[in-house]
Amino acid sequence: MNHSLQEYLVDLIPARNELCSHMEEYAKENHVPIMDRIGMEALLQILRIHKPGAILEIGCAIGYSAIRMSDALPDAKIVTIERNGERIKDARSFIGSAGKEAAITLLEGDALELAGEAGKHGPFDAIFIDAAKGQYERFFGLYEPFLSPNGIIISDNVLYKEMVVAPMESISNRRTRALVKKIRHYNQWLMDHPDYDTAILPIGDGMAISKKKEKQ
Ligand code: SAH
Ligand code: MG
């Protein structure tokens, strides 16, 4: 999105509460890739319309998006997964400060190994995938069985700083190139998925919204 348009939209967003503003600062200082402001607002609005009773988040980081989701939907039960020890510590502390221990359950470990445990808290009306970008197809496959019949799956960062359209030779880092290829593959796979309707919204860093097709 055009930079000044982006600034304009960010300026229009109402102030967050003190804790969330503090978390935004903290994330910036410590290079934690929390959702950007515009993407966050869009996600919250989708969730307000969808009204999920149970949400699963893959990729908690320091708990920013989990706390924002819980503030927007105080009755929702949120399960969130994180594998990084430092971030787990921060997330627990922020979730405590927000008084959200009852609403937000943090599962510690690799999401590739926690489907069984997370599934016990399901089914989920919304699944938010925001962890390792190269593993999205696997996360989708592992957690999709725990989606409720009317559920939605939201995948974040699917346009990856617009690198999905960059000529491959312009990306000098080999690992970044491999990641971009994987994300492009995921987007195509998702759009072609026979059981889901998906729309990719060019908001924030790109958000794919997938809705399970109703059985005929
Ligand atoms: N949703 C958060 C940001 C998540 S950043 C917010 O907007 O506030 C992505 C997080 O996913 C990182 O903290 C990273 O450690 C975690 N992650 C990446 N791969 C993972 C995996 N396989 N299992 C669990 N966590 C993972
Ligand atoms: Mg993200």
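None of the values given here were measured: they were computed from a predicted structure. (Residues numbered from 1 in each chain as written. Chains lettered and ligands numbered in written order. Predicted model: local features only at pLDDT ≥ 70, side-chain atom pairs only at ≥ 80, totals over all residues. Heavy atoms only, no water.)

Asker: I would appreciate a short explanation of the site of ligand 1 in the present structure.
Answerer: Near ligand 1, the surroundings consist of 20 residues, among which M35, G59, E82, A111 and D130 are the closest. Within the side chain of D130, an N or O atom sits 2.8 Å from a nitrogen atom of ligand 1. The fraction of the free accessible surface of ligand 1 (590 Å²) that becomes covered by protein chains is 94%. Considered class by class, the residues forming the shell around ligand 1 number 10 nonpolar, four polar and six charged. (Near = heavy atom within 4 Å. Polar contact = N/O pair within 3.5 Å; in protein donor to acceptor, adjacent residues only side chain to side chain. Areas by Shrake-Rupley, 256 points an atom, 1.4 Å probe, with all protein chains shown as cover. Nonpolar A, V, L, I, M, F, W, Y, C, P; charged D, E, K, R; others polar.)

Asker: Looking at this structure, I do not really get the pairing of strand 3 (residues 104-108). What am I missing?
Answerer: Walk down a regular strand and you will see the side chains alternate between the two sheet faces. Of the strand pairs in this sheet, strand 2 (residues 77-82) and strand 3 are connected by five bridges, and their pairing is parallel. Bridging from a neighbouring strand, T80 pairs with L106 of strand 3. Of the crossover connections in this fold, the one passing from strand 2 over helix 5 (residues 85-97) to the parallel strand 3 is right-handed. (Pairing = 2+ DSSP bridges. Helix = DSSP H or I, 4+ residues; strand = E, 2+ residues; numbered from the N terminus. Right-handed = clockwise from strand over helix to strand, strands pointing away.)

Asker: What exactly am I supposed to notice about the layout of surface pockets here?
Answerer: Any empty space left between the atoms is revealed when a probe the size of a water molecule rolls over them. Considered as a void within the structure, the largest pocket measures approximately 1,200 Å³ in volume. Of all the secondary structure elements, the ones that give two or more residues to the lining of the largest pocket are helix 1 (3-12), helix 3 (37-50), helix 4 (64-72) and strand 2. Class assignment of the residues belonging to the lining of the largest pocket gives a composition of 22 nonpolar, 10 polar and 13 charged. Of the voids in this model, the second largest pocket is the one considered here, and its volume is about 230 Å³. In terms of lining, the second largest pocket is formed by G134, Q135, Y160, R174, R175, T176, A178, L179 and K182. Per-class residue counts for the lining of the second largest pocket are three nonpolar, three polar and three charged. (1 Å grid on protein atoms, 1.4 Å probe; cavity = no way out; pocket = protein on both sides within 12 Å on 5 of 7 lines; lining within 4 Å. Points joined across faces, edges and corners; volume = space filled by probe spheres on them.)

Asker: Hey, could you run me through the side chain of S70 in this one?
Answerer: Residue position: S70 is located in helix 4. Every residue in contact with S70, bar those within four places of it in the chain, is listed here: I78, K100, A103 and I104. (Contact = heavy atoms within 4.5 Å.)

Asker: What should I look at first to understand the coordination of the magnesium ion (ligand 2) in this one?
Answerer: Geometrically, a metal with four donors at the corners of a regular tetrahedron has ideal angles of 109.5 degrees, and one with six donors at the corners of a regular octahedron has ideal angles of 90 or 180 degrees. Binding of the magnesium ion (ligand 2) to the protein goes through D130 (OD), D156 (OD) and N157 (OD1), at separations of 2.1 to 2.2 Å. Read from N- to C-terminus, the donor residues coordinating the magnesium ion (ligand 2) fall into the pattern D-x25-D-N. Within this pair, whereas D130 is found in the loop between strand 4 (124-129) and helix 7 (136-143), its partner N157 is found in the loop between strand 5 (147-156) and helix 8 (174-192), the two being separated by 27 residues in sequence. Judged by relative accessible area, which is 13%, N157 ranks as buried. (Donors = N, O, S within 2.8 Å, 3.2 Å for Na, K, Ca; no water. Buried < 20%, exposed > 50% of the residue type's maximum accessible area, 1.4 Å probe, protein only.)

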